[in-house]
Structure formats: structure tokens, C-alpha cells
Amino acid sequence: QVQLVESGGGLVHPGGSLRLSCAASGPITTINGMGWYRQAPGKPRETVATISRDGSTYYIDSVKGRFTISRDNAKNTVYLLMNSLKPEDTAVYYCNAEIVIYGSHLDDYWGQGTQVTVSS
């Protein structure tokens, strides 16, 4: 069974930094796209950043220049470095991965979520 385990969330002051990690484990053959999403109270889940297997990235406009997504294919892990954090970045952050298991079965997997709170 595939699991995505996130870590690195917490409470930080405005202007501070956090680094989120998400490690995938299980009968993984390969991982295609990976990404980070977030959901603030009362708002729909939104895409924060995505990265393809070859390293192509996408960022939502509000985080461009502040957040950096990266991945380590050997460790089946995706990271999100968040700098210059703002109160409006407060949300539960979820990682997502498109994973091929047992050689041919492709499915979409989500982590359990990690809380990021930006407050003075």
C-alpha cells in the first residue's frame, strides 16, 4: 500500500521560512508528477506548486519568488521550501503524487496534510 508522509509544518512568524517534506513509500514503480496543495478554513483546496519527473515546475502566482518546489527521485520525496511567509499562507498543506505501482497501475495519492500557521 502506498503512503505519502508529510513533515515540516508548524507555527512561524511573518517573514519566516519553513521546509515541507513528503516521502512516498510502498510498491512504487515510478512517480510521475508531484505537487503541493493547500486549504485554508472556509476556502477550497488550491494548487500551490507542482513538479514533473523531469523537474519542470509550476507555481500559483501568489507564491512565485517565495516558494521553491523540488524532488529527489531516488528518495521518492518532494519538498516545498517556503520563504517570506505571510499570514495568508496559513493553511493545511497536502502533497500529491501520481504513482505507478506494480509496474503498470497508475493512481493518484494524497498525504494526510500538515498545518502551516503564519502569525505574529
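Residues numbered from 1 in each chain as written. Predicted model: local features only at pLDDT ≥ 70, side-chain atom pairs only at ≥ 80, totals over all residues. Heavy atoms only, no water.

Peer 1: Explain the sheet that holds strand β1 (residues 3–7) to me, please; I cannot follow it from the model alone.
Peer 2: In sheet architecture, strand pairing relies on hydrogen bonds along the backbone and comes in two forms, parallel and antiparallel. Pairing within the open sheet is antiparallel, and its four strands lie in the order β1-β3-β8-β7. Edge strands, defined here as strands with exactly one partner in the open sheet, are β1 and β7 (67–72). On average, adjacent strands in this sheet sit at an angle of 15° to one another, irrespective of strand direction. Here six bridges tie β7 to strand β8 (residues 77–82), and the two strands are oriented antiparallel to one another. (Pairing = 2+ DSSP bridges. Helix = DSSP H or I, 4+ residues; strand = E, 2+ residues; numbered from the N terminus. Axes fitted to C-alpha atoms, helices over the stretch in contact; angles between N-to-C directions.)

Peer 1: Explain the nonpolar core here, please?
Peer 2: Side chains of nonpolar character tend, in soluble globular proteins, to be buried together. In terms of nonpolar packing, the biggest core is built from 33 residues, with Trp36, Leu80, Met82, Tyr93 and Ile99 touching the most fellow members. Among the elements of the structure, β3 (18–25), β4 (28–39), β5 (46–51), β7, β8, β9 (91–101) and β11 (114–118) are those that each provide at least two residues to this core. (Core = buried A, V, L, I, M, F, W, Y, C linked by side-chain atoms within 4.5 Å. Buried < 20%, exposed > 50% of the residue type's maximum accessible area, 1.4 Å probe, protein only.)

Peer 1: What is the right way to read the environment of Met34 from this model?
Peer 2: Looking at the element boundaries, Met34 is found in strand β4. Considered as a pair, Met34 and Ala24 are 10 residues apart in the sequence and their alpha carbons are 10 Å apart. Setting aside its immediate chain neighbours within four residues, Met34 contacts Thr50, Ile51, Ile69, Arg71, Asn76, Thr77, Val78, Asn96 and Ala97. (Contact = heavy atoms within 4.5 Å.)

Peer 1: I'm lost on the pairing of β9 in this one. Help?
Peer 2: Sheet faces and side chains relate simply in a regular strand, where the side chains alternate between the two faces. Within β9, nine of the 11 residues are buried, which leaves the element mostly enclosed by the surrounding structure. Examined bridge by bridge, β4 and β9 share nine bridges and lie antiparallel to one another. Note that in β9 the partner of Arg38 across the bridge is Tyr93. Examined bridge by bridge, β9 and β11 share three bridges and lie antiparallel to one another. Of the residues in β11, the one forming a bridge with Val92 is Gln115. Looking at chain direction, β9 and strand β10 (residues 105–110) are connected through six bridges and run antiparallel. Note that in β10 the partner of Ile101 across the bridge is His105. Between the antiparallel neighbours β9 and β10 lie three residues, among them Tyr102 with a positive phi of about 50°.

The analysis is restricted to geometry; functional conclusions fall outside its scope.
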